[in-house]
Amino acid sequence: MSKQTKGILLAASGASLWGISGAAAQYLFSTTTISNTWLVSIRLLVAGVLLTLWSLLKFPHQVKQVISSRFNLKFLVLFAVLGMMNSQLTYFLAIKYSNAPTATVIQYLQPVFIILWLALANRQWPRRLDCISILIALVGTFFLATGGHLNQLALTPTALFWGIWCAVAAALYTLLPRPLLQKFDALIVCGLAMLISGVLLLPWLVTTPLPHLSTWDWVLITYIVIGGTMFAYTLFLQSIRYISPAATGILSAFEPLVATLLAVTLLGTCLTLAAVCGSLLILLTTFLQAIPFQKFKTFIHFPHLK
């Protein structure tokens, strides 16, 4: 097997596991009384502990360097709160108030917010390609939110709010860890950020009554923590060793594809033609930004967690 083939399989597998995780969360929110904060707390705490232990075994010196520096800790905490925890909570809230396909697709608006932020930070107008991407993303969001009708909303204002915030959080998730990723392995940064987020959410976890869950519900929760977090992220990260960040960005489209297939076929989610068109337009934005027409983006690629 060639390195390129291996990288493609790793990236597609990791993104697919994320997509399954979104569909699993939609099922749990629609069939149980499980709360968003409780599920995110479990996910971040358990995955954070396991990934941090793995990092300690594999990169003990790097872990020590991260936690022993005030500069590194500052960026790690910012990433954990504004990036990791923020994106996790808003993503599951978007699923809860809409569905897995819609929440996953809206999150792919993050390149728009990254483009705007970089334009402001660098005090220069976006490239022509960036402006085209923003326009396509706005049209896609219009179709997704209104169903193509000017006088009504296909999504509730609450679902749209959490979806947009989820995209903003995903942009922060991409931008904030840049100083750390220039020096340390991404598994270390991710594991420690998850652990910090999980510890911060621990009060909600211990004070929330344990919901009544079936054996199947616990199986899905276990998958969200292990398969949809640890394995998904690890596989996606490994793919960057064999293929370009642009290729991994394009292959991340397997996430909304898998989430949509599962939601429609197994959960009975109905998608209108306008929603499908809007979703494709938003995903097109990601493709345009991933293809290196001139040069790669000025920020370090950091695949977002679902």
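Owing to the predicted nature of the structure, the values given are computational and were not obtained by experimental measurement.

Digging into a positive patch on the surface
- Side chains of Lys3, Lys6, Lys58 and Arg241 sit close together on the surface and give a patch of like positive charge.
- Of the residues examined, Lys6 reaches a relative accessible area of 38% and is grouped as partly exposed.

Considering helix 12 (residues 215-239)
- Over its 25 residues, helix 12 extends 33 Å from the first C-alpha to the last, a length consistent with the 36 Å expected when each residue adds 1.5 Å.
- Bending of helix 12 peaks at approximately 35° at the position of Tyr223.

Focus on the packing of helix 2 (residues 36-58) against helix 4 (residues 70-97)
- Taken N-terminus to C-terminus, the directions of helix 2 and helix 4 make an angle of 135°; their axes are 10 Å apart at the nearest point. By the angle class used here, helix 2 and helix 4 are oblique. Here the hand of the crossing between helix 2 and helix 4 comes out right-handed. Each of Asn36, Thr37, Leu39, Val40, Arg43 and Leu44 in helix 2 lies in contact with helix 4, whose residues at this interface are Met84, Met85, Gln88, Leu89, Phe92 and Leu93.
- In terms of residue class, the contact of helix 2 with helix 4 is built from eight nonpolar, three polar and one charged.

Focus on the confidence of the model for the protein chain
- Averaged over the protein chain, the pLDDT score is 86; the fraction of residues at 70 or greater is 93%.
- This model gives residues 295-303 a pLDDT under 50, and the stretch forms 33 contacts once residues within four places in sequence are excluded.

Regarding helix 7 (residues 128-146)
- The first and last C-alpha atoms of helix 7 sit 27 Å apart over 19 residues, in line with the 27 Å expected at 1.5 Å per residue.
- Within the sequence span of helix 7, burial applies to Leu129, Asp130, Ser133, Ile134, Ile136, Ala137, Gly140, Thr141, Leu144, Ala145 and Thr146.
- Within two residues after helix 7, Gly147 carries a phi angle of roughly 70°, on the positive side.

Things to note about the side chain of Thr285
- For Thr285, the location among the structural elements is in helix 15 (residues 273-290).
- Beyond its immediate chain neighbours, meaning those up to four positions away, Thr285 contacts Pro111, Val112, Ser133, Ile136 and Ala137.

A short note on the side chain of Ser55
- Along the chain, Ser55 falls in helix 2.
- Judged by relative accessible area, which is 4%, Ser55 ranks as buried.
- Excluding its chain neighbours within four sequence positions, the residues that come into contact with Ser55 are Pro60, Val63, Leu187 and Ile188.

Observations regarding unusual backbone geometry
- One non-glycine residue, Arg123, adopts positive backbone phi at about 55°.
- Checked against the element boundaries, Arg123 lands in the loop between helix 6 (110-122) and helix 7.

Structural notes on the packing of aromatic side chains
- Taken as a whole and judged by the stated rule, the model has 10 aromatic pairs.
- Ring geometry for Phe142 and Phe143: centres 5.5 Å apart, planes at 65°, overall edge-to-face.
- Among the aromatic side chains, those forming a connected cluster through ring pairs are Phe29, Tyr91 and Phe92.

A few points about the nonpolar core
- Counting 61 residues, the largest nonpolar core has Leu39, Met84, Phe92, Ile221 and Tyr233 as the members making the most contacts within it.
- At the level of secondary structure, the elements contributing two or more residues to this core comprise helix 1 (3-31), helix 2, helix 3 (60-68), helix 4, helix 8 (157-175), helix 9 (178-181), helix 10 (186-200) and helix 12.
- Once you skip the residues sitting within four places of it in the chain, Phe92 turns out to touch Ala25, Phe29, Asn36, Leu39, Val40, Arg43 and Ile224.

Digging into the state of the cysteines
- If you walk through the whole model with that rule in mind, you get zero disulfides.
- Its sulfur unpaired, Cys166 is 16 Å from the next cysteine sulfur, which belongs to Cys190.
- Looking at Cys277, it has no disulfide partner, and the nearest cysteine sulfur is the one in Cys270, 16 Å off.
- Cys277 gets classed as partly exposed once you look at its relative accessible area, which sits at 35%.

Let's talk about the environment of Cys190
- Note that Cys190 resides in helix 10.
- For Cys190, a relative accessible area of 0% gives the class buried.
- Considering only alpha carbons, one finds Cys190 and Thr52, 138 residues apart in sequence, at a separation of 8.5 Å.
- With residues up to four places along the chain from it excluded, the contact list for Cys190 reads Leu51, Met84 and Tyr233.

The rules behind the values
- Residues numbered from 1 in each chain as written.
- Predicted model: local features only at pLDDT ≥ 70, side-chain atom pairs only at ≥ 80, totals over all residues.
- Heavy atoms only, no water.
- Patch = residues over 30% accessible without salt bridge, like charges linked within 9 Å, V, L, I, M, F, W, Y side chains within 5 Å.
- Areas by Shrake-Rupley, 256 points an atom, 1.4 Å probe, with all protein chains shown as cover.
- Salt bridge = Lys/Arg side-chain N within 4 Å of Asp/Glu carboxyl O.
- Lys, Arg positive; Asp, Glu negative; His and termini not counted.
- Charge placed at Lys NZ, Arg CZ, Asp CG, Glu CD.
- Buried < 20%, exposed > 50% of the residue type's maximum accessible area, 1.4 Å probe, protein only.
- Helix = DSSP H or I, 4+ residues; strand = E, 2+ residues; numbered from the N terminus.
- Expected span 1.5 Å × (residues − 1).
- Bend = angle between axes of the 7 residues up to and from the residue.
- Axes fitted to C-alpha atoms, helices over the stretch in contact; angles between N-to-C directions.
- Parallel < 35°, antiparallel > 145°, perpendicular 65-115°, else oblique.
- Left-handed = near helix turned anticlockwise from the far one by under 90°.
- Contact = heavy atoms within 4.5 Å.
- Nonpolar A, V, L, I, M, F, W, Y, C, P; charged D, E, K, R; others polar.
- pLDDT = per-residue confidence, 0-100.
- Phe/Tyr/Trp six-rings, centres within 6.5 Å; stacked < 30°, edge-to-face > 60°.
- Core = buried A, V, L, I, M, F, W, Y, C linked by side-chain atoms within 4.5 Å.
- Disulfide = S-S within 2.5 Å.

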